Amino acid sequence: MNHARQFLLLDPCLERIGSHPFHYACEILAAAEASGCSCTLATQRGFIADATWPASWHVHPAFTHSGYSKYTAFGELDRLDARGRKPLRLSWPWSTWHAARRRAARIESFARDVQPLLGSLQNKDVVLLATASELDAAGLARAIAACRPPAGIAWHVQFHYPLYCGFAGDFAAQQRRLQRVQRLLQTAVATAKPHVLHFHTTTAELAAQYDRLGIGPVSELPYPAQIPGNVRAFTPRSDSEGQTLRVAILGDSRPEKNSHLLAEIVAAASRDPCLAGRLQFAVQSNLGFPANSTVPEHAAVRAALHALKQQPQSLVELLAGPLAADGYAREIQAADVMLLPYDQQRYATRCSGILLEALAAGVVPIVTGGGWMSRQLAEPLRLHAESILAASQTLSTQRVTAPRIEALRPFLLPIEPPGSARSSGAVHDVIAVDLTWQASGSACLCEPPMHLALEGIATRPPVVVNADPLQQTVTVLFPIDADAVPHLAGRSDLDGSDKSAGRLWLICAPASGAQSVALESIGIRWIACQRCVPAGAVGVVIDCDGTESQNVVGALREVVRHADHYRGSAIAHAHRVHGSSSGTQVIRRLLP
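Residues numbered from 1 in each chain as written. Predicted model: local features only at pLDDT ≥ 70, side-chain atom pairs only at ≥ 80, totals over all residues. Heavy atoms only, no water.

A word on the environment of E386
Inspection of the secondary structure puts E386 in helix α13 (residues 378–390). In this structure the C-alpha to C-alpha distance between E386 and T475, which are 89 residues apart in sequence, comes to 8.5 Å. (Helix = DSSP H or I, 4+ residues; strand = E, 2+ residues; numbered from the N terminus.)

Next comes the structure, spelled out in structure tokens:
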């Protein structure tokens, strides 16, 4: 009798239905089963599968502890500042000894819990430890050494969370803190021999961090999105139809997602004359933390959700969660816009399943700049900029070479209005900003992002942009408000002094708490177009710098102003996402 290849998914973070680990497991196991595997899932002990769970997927609520812990490298980040430094505070003399004991207990517990599942493994079986911490990886290696399973098993460990705070310039000072993690993973590799642990992360940004540990190759294993069976058809909508756009905010409500700002964002949008009556917000209202938490940030999230309950349903629909897979899929399909104004520093390296699923469904995302999320829009934004530039008339150009921009001294670049004659009909002005970084290759993934703004005269909000790992020029379009163009000659400088009548000022500054940015060059092109130009395509990237409500409103205004363009480009892009972010693609990478 032939042995059916077994696919064993281990996830100690899978605690309940509706969570990100739950949706991840559904996508991975469905793809593994379609590939002919027998599927087994090991979860945290509190997990209970519902009646919709496929009977062919064997579930073992095995793990005593959740994978989330303050004793992991990721858990330590909450106690560091934005540059990875520990604040000065008193601690008990035995606190280091106690933390080491707790880590050792976690490793031993994981090894003990997983050992019974390894006894049935055979040649060509596949094991994936998802949402892993360094403690889980060490526990898996210890279990492998104890069980001595047969050769030929594929062992995969996937890390979801960062090791470092800040950016490349901040990493050296954090290396001492991470020596513990480095030794632990190097020991895990040695302990598992002759079996080989294959290390993965969910983003290229995370892979660049884990590569610094010297534990062997670390590759990006894409996060699988829930892919709809069919991409929605595009039907143009005219302004005269008076249809509203449904703006979805899905997932658990948590401070790191800036959920505490949602009431302010909705209120600001409802007051905006361009948006009033044009939007309905659908907000998933379950908490991503204990309901009785006294943490001030958690209290702020609860207060925001309470304020949203007071809004009319025509403006805000609260969705009780967590959502089951089918309910979540319905909400994705019902959305026109997906709002993801997440904390820039917390999500600089992390992926978002919600973003991938929105892109796969042809939903227009509004995302935080400065990391993996905005990088998912980099290619369509580049192609959009190229198409606009190819069809426009260049009126003037400027270039600044090798500027180093400091957080304490933002770079203000004066832009002279063009004096050259424009072609007939080229009445819509756009300022195109071209950026190149000094770093190259994977080093770009750890470089600080750049904040750009043309306040007062641009129709788009400020944006945060990243260096391109392929060293392609990053172009940002700032369409100029037509009403502002005739008055540019009398415009004063941003600080109130009339330094240079007739000039605009491009504001450049490090973003996401970075101290400085080293650029190769900044290029400015003032162009004229035959039509009103959208700032981007597929979605909009914003800066979450403390003025989130203002920036989100600006992004929503941009989408509403060019609704058919953004909806059409998002639907066209969805077909490309289907080919790269499905569970099937992940399984193909894992099967030997």
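We are not done yet, so read on.
Here we look at the sheet that holds strand β20 (residues 504–510)
Spatially, four strands are ordered β15-β20-β17-β18 in an open sheet, and the strand pairing comes out antiparallel. A strand with exactly one partner marks an edge of an open sheet, and here the two such strands are β15 (411–415) and β18 (463–465). Going from strand to strand, the sheet's axes swing by 25° on average, the running direction of each strand aside. Note that strand β17 (residues 450–453) and β20 share four bridges and pair antiparallel. (Pairing = 2+ DSSP bridges. Axes fitted to C-alpha atoms, helices over the stretch in contact; angles between N-to-C directions.)

Quick look at the sheet that holds strand β11 (residues 337–340)
With parallel pairing, six strands are arranged side by side in an open sheet as β10-β9-β8-β11-β12-β22. Of all strands in the sheet, those with a lone pairing partner are β10 (316–319) and β22 (540–542), marking the two edges. Sheet twist, expressed as the mean angle between neighbouring strand axes with direction ignored, is 20°. Note that β11 and strand β12 (residues 364–368) share four bridges and pair parallel.

Structural notes on the environment of V559
Tracing the backbone shows V559 in helix α14 (residues 548–561). Residues V559 and P469 lie 90 residues apart in sequence; the distance between their C-alpha atoms is 28 Å. Residues within four places of V559 in sequence aside, it is in contact with L245, V337, V364, I366, V540 and Y566. (Contact = heavy atoms within 4.5 Å.)

Concerning the layout of surface pockets
It is the rolling of a water-molecule-sized probe over the atoms that shows where space remains empty. The computed volume of the second largest pocket comes to approximately 980 Å³. Looking at the lining of the second largest pocket, the elements that each hand over two or more residues are α11 (353–360), α12 (372–375), α13, β18, β19 (474–479), β22 and α15 (563–578). Sorting elements by how many residues they give to the lining of the second largest pocket places α13 first, with seven residues. (1 Å grid on protein atoms, 1.4 Å probe; cavity = no way out; pocket = protein on both sides within 12 Å on 5 of 7 lines; lining within 4 Å. Points joined across faces, edges and corners; volume = space filled by probe spheres on them.)

Digging into the packing of aromatic side chains
Tallied over the full model, the rule gives twelve aromatic pairs. Ring centres 4.8 Å apart and planes at 20° place the aromatic pair F63 and F110 in the stacked group. Of the two residues, F63 is situated in strand β3 (residues 58–63) and F110 in helix α3 (residues 95–118); the sequence distance between them amounts to 47 residues. You'll find F63 and F110 in the same group, each marked buried. Relative to Y347, the ring of Y342 has its centre 4.6 Å away and its plane inclined at 50°; by these criteria the two rings are tilted. Among the aromatic residues, ring-to-ring pairing joins F22, F47, W53 and W57 into one connected group. Against the face of Y347 rests R350, its NZ or CZ located 4.5 Å from the ring centre. Stacked on the ring of F478, the Lys or Arg R460 has its end atom at 5.7 Å from the ring centre. (Phe/Tyr/Trp six-rings, centres within 6.5 Å; stacked < 30°, edge-to-face > 60°. Buried < 20%, exposed > 50% of the residue type's maximum accessible area, 1.4 Å probe, protein only. Lys NZ or Arg CZ within 6 Å of the ring centre and 35° of its normal.)

Observations regarding a positive patch on the surface
A cluster of basic side chains, namely K70, R79, K86, R102 and R176, defines a positive patch on the protein surface. Residue position: R102 is located in helix α3. (Patch = residues over 30% accessible without salt bridge, like charges linked within 9 Å, V, L, I, M, F, W, Y side chains within 5 Å. Areas by Shrake-Rupley, 256 points an atom, 1.4 Å probe, with all protein chains shown as cover. Salt bridge = Lys/Arg side-chain N within 4 Å of Asp/Glu carboxyl O. Lys, Arg positive; Asp, Glu negative; His and termini not counted. Charge placed at Lys NZ, Arg CZ, Asp CG, Glu CD.)

A word on the side chain of D468
With respect to the helices and strands, D468 occurs in the loop between β18 and β19. One polar contact links the side chain of D468 to the main-chain amide nitrogen of Q472, over a distance of 3.5 Å. (Polar contact = N/O pair within 3.5 Å; in protein donor to acceptor, adjacent residues only side chain to side chain.)

Thoughts on the nonpolar core
Ranked by size, the top nonpolar core spans 126 residues in total, and within it F7, F281, L452 and L506 carry the most contacts. In this structure F7 touches I28, L29, A32, C37, S38, C39, T40, V126, L128, I587 and L590, once residues within four positions along its chain are discounted. (Core = buried A, V, L, I, M, F, W, Y, C linked by side-chain atoms within 4.5 Å.)

Here we look at the pairing of strand β9 (residues 279–284)
Residues in a regular strand point their side chains to alternate faces of the sheet. Burial analysis of β9 places six of its six residues in the buried class, the great majority of the element. Side chains L279, F281 and V283 of β9 all project onto a buried face; the interleaved residues Q280, A282 and Q284 project onto the opposite face, where all are buried too. By the bridge criterion, five bridges tie strand β8 (residues 245–249) to β9 in an arrangement that is parallel. Bridging across to β9, V247 finds its partner in F281. Handedness of the crossover is the feature at issue here: the chain leaves β8, passes through helix α8 (residues 262–271), returns alongside β9, and the resulting connection is right-handed. (Right-handed = clockwise from strand over helix to strand, strands pointing away.)

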